[in-house]
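Here is how the chains run, residue by residue.
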Amino acid sequence: MVAFRHCHFVAFEKSDLLFVCVLRPLSSDIAIDENEIQAAKWMPFQELVEQPFYEEDHMLRRVIEICVATYEDCYSGFVAHQLTSKLDGKLSFLYYDDTMLGKKFG
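Attention in this report is confined to the structure presented alongside it. Fair warning: this is a prediction, and the values are worked out from it, not measured in the lab.

**Notes on the layout of surface pockets**
- What the largest pocket holds in volume is close to 770 Å³.
- Lining the largest pocket are 19 residues, and of these Trp42, Met43, Phe45, Leu48 and Cys67 sit closest to its centre.
- Mapped by element, the contributors of at least two residues to the lining of the largest pocket are α1 (45–49) and α3 (58–71).
- For the lining of the largest pocket, the element with the most residues is α3, which contributes six residues.
- Grouping the amino acids of the lining of the largest pocket by side-chain chemistry returns 17 nonpolar, no polar and two charged.

In structure tokens form, the structure reads like this:
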């Protein structure tokens, strides 16, 4: 786990928790359960981060930065930061270490 966030009174007036984990695949094979998801694919990193959904959301952009820093072994802990997400438009806390962030991507 490299970050987590909490926000009160989101959907159905309930609190919301988001946990961000960095995982490494055991293979490049993708097994799709058609009862759960319609499609899945591996894509180049640039293709992922250039999608409007990610470009327009400050929280998701920061989550991507955190994952890149973790992958590059430049990340080491959590500090609370207030950010607004496009998903709900509310101010919430995202916990991460910002000492090694700031690299631009995309």
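**As for the sheet that holds strand β1 (residues 3–7)**
- Within the open sheet, the four strands sit side by side as β2-β1-β4-β3. Their pairing is antiparallel. At either end of the open sheet lies a strand with only one pairing partner, and these are β2 (16–20) and β3 (79–84). Each strand of the sheet is rotated relative to its neighbour by a mean of 20°, with strand direction disregarded.
- In this structure, β3 lies alongside strand β4 (residues 91–96), joined through six bridges in antiparallel fashion. Its bridge partner lying in β4, Val79 is registered against Tyr96.
- Packed onto the sheet, α3 meets β1, β2, β3 and β4 and runs at close to 5° relative to β4.

**As for the nonpolar core**
- Formed by Val2, Ala3, Val20, Met59, Val63, Ile66, Ala69, Cys74, Tyr75, Leu83, Leu94 and Tyr96, the largest nonpolar core amounts to 12 residues.
- Here this core takes four residues from α3, the largest share from any one element.

**Focus: the packing of aromatic side chains**
- Summed over all chains, the structure comprises four aromatic pairs.
- Measuring from ring centre to ring centre gives 6.0 Å for Phe4 and Phe19, while their planes differ by 25°; the resulting arrangement is stacked. Here the residue Phe4 occupies a position in strand β1, and Phe19 occupies one in strand β2, the gap between them amounting to 15 residues.
- Plain terms: the ring middles of Phe4 and Tyr95 are 4.4 Å apart, the flat faces sit at 15° to each other, and that makes the pair stacked. Placement of the pair is Phe4 in strand β1 and Tyr95 in strand β4, with a sequence separation of 91 residues.
- Ring pairs connect the aromatic residues Phe4, Phe19, Phe93 and Tyr95, which therefore count as one cluster.

About the cut-offs
Residues numbered from 1 in each chain as written. Predicted model: local features only at pLDDT ≥ 70, side-chain atom pairs only at ≥ 80, totals over all residues. Heavy atoms only, no water. 1 Å grid on protein atoms, 1.4 Å probe; cavity = no way out; pocket = protein on both sides within 12 Å on 5 of 7 lines; lining within 4 Å. Points joined across faces, edges and corners; volume = space filled by probe spheres on them. Helix = DSSP H or I, 4+ residues; strand = E, 2+ residues; numbered from the N terminus. Nonpolar A, V, L, I, M, F, W, Y, C, P; charged D, E, K, R; others polar. Pairing = 2+ DSSP bridges. Axes fitted to C-alpha atoms, helices over the stretch in contact; angles between N-to-C directions. Contact = heavy atoms within 4.5 Å. Core = buried A, V, L, I, M, F, W, Y, C linked by side-chain atoms within 4.5 Å. Buried < 20%, exposed > 50% of the residue type's maximum accessible area, 1.4 Å probe, protein only. Phe/Tyr/Trp six-rings, centres within 6.5 Å; stacked < 30°, edge-to-face > 60°.

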